[in-house]
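Examining the three-dimensional arrangement
Each chain, letter by letter, is given below.
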Amino acid sequence: MKRSLVFAVIVIAVVGLLGGAALLISGQSRVSQDAIQSSVTRTPELIESAWKLPVAATFNADVTWQSNGSRCGPASVANTFRSIREEETTEAEVLAGTGKCWTGFCVIGLTLDELAEVARTNTKRKVSVLRNLGTDAFREHMKRANDPDRRYIVNFTREKIFGAGAGHFSPVGGYLEAEDMVFVLDVNEDYKPWLIERERLFSAMDTIDSDGDKKRGLLLIE
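Note that this is a predicted model, so its numbers are computed, not measured. (Residues numbered from 1 in each chain as written. Predicted model: local features only at pLDDT ≥ 70, side-chain atom pairs only at ≥ 80, totals over all residues. Heavy atoms only, no water.)

A closer look at the overall build of the protein
Scanning the protein for helices and strands turns up nine helices and eight strands. Element-wise, carbon and sulfur atoms account for 52% of the exposed surface of the protein, whose accessible area totals about 10,800 Å². (Helix = DSSP H or I, 4+ residues; strand = E, 2+ residues; numbered from the N terminus. Areas by Shrake-Rupley, 256 points an atom, 1.4 Å probe, with all protein chains shown as cover.)

Put into structure tokens, the structure is as follows:
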């Protein structure tokens, strides 16, 4: 087969793959605005209080949205790095040197372990994967989510919270202990940051990631 023909076949295959990935991502992430609004808490007073939490305050009430539906993981790391003054604060920068998502899409998404590898590539901080947590252990970690020396990224399924949608990553902004609610800095612009009862977030996190056959969980950067 001539080299030009081989190249053409490769190009067509890549274009087809990217097109299919885009359609898949779009279909997975489709949740109505009514479902979003009714499924989580955005009471102005509580949201204002949440933004004043020690860790949330380091984000300056500003979240850089993910560039497409597949890159919530890199976007979460980029936002988290910005909050702790790391140099890599864009999706492209945190993905540099990882060999992942080079097409512009993280095809079928990243697993928790893969996102940990991405984070470790561009920081000297300790990055830990926390999975198979019980409810008590999860509560203790959420209490520590207000520690300025720690950052958590939560991996959960939207379906458990919104009734539709797929796996997702977002930074944890902190924990309102009196209300027992977690502040999730959702990196998807359609959702924006929201508050949710700790038990409900735990239920959405305590699920199997079909891409990796392991439970979802938390990424801890300290």
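Structural notes on the state of the cysteines
In the structure shown here, the tally under the stated rule is one disulfide. A sulfur-sulfur distance of 2.1 Å marks the disulfide that ties Cys 101 to Cys 106. Note on the Cys 101 and Cys 106 pair: the S-S dihedral is about 105 degrees, so by sign convention the disulfide is right-handed. Overall, Cys 106 belongs to the buried group, its relative accessible area being 2%. Unpaired in this structure, Cys 72 has its nearest cysteine sulfur neighbour in Cys 106, at a distance of 7.9 Å. (Disulfide = S-S within 2.5 Å. Buried < 20%, exposed > 50% of the residue type's maximum accessible area, 1.4 Å probe, protein only.)

Some remarks on the side chain of Glu 91
Within the secondary structure, Glu 91 is located in helix H5 (residues 91–95). A polar contact of 2.9 Å, which involves the side chain of Glu 91, links it to the side chain of Arg 71. With residues near it in sequence (within four places) discarded, Glu 91 still touches Trp 65, Gln 66, Ser 67, Arg 71, Pro 74, Ala 75 and Ala 78. (Polar contact = N/O pair within 3.5 Å; in protein donor to acceptor, adjacent residues only side chain to side chain. Contact = heavy atoms within 4.5 Å.)

A word on the pattern of salt bridges
This structure, assessed with the given rule, holds 15 salt bridges. With its nearest N and O atoms 3.2 Å apart, the salt bridge here joins Asp 113 to Arg 131. Taken as a pair, Asp 113 in helix H6 (residues 112–121) and Arg 131 in strand E1 (residues 127–131) lie far apart in primary sequence, 18 residues in all. By relative accessible area, which is 25% here, Asp 113 ends up partly exposed. In this structure, Arg 150 engages Glu 222 in a salt bridge whose closest nitrogen and oxygen atoms are separated by 3.1 Å. Residue Arg 150 is located in the loop between helix H7 (135–144) and strand E2 (151–157), and its partner Glu 222 is located in the segment after strand E8 (217–221); the two are separated by 72 residues in the primary sequence. (Salt bridge = Lys/Arg side-chain N within 4 Å of Asp/Glu carboxyl O.)

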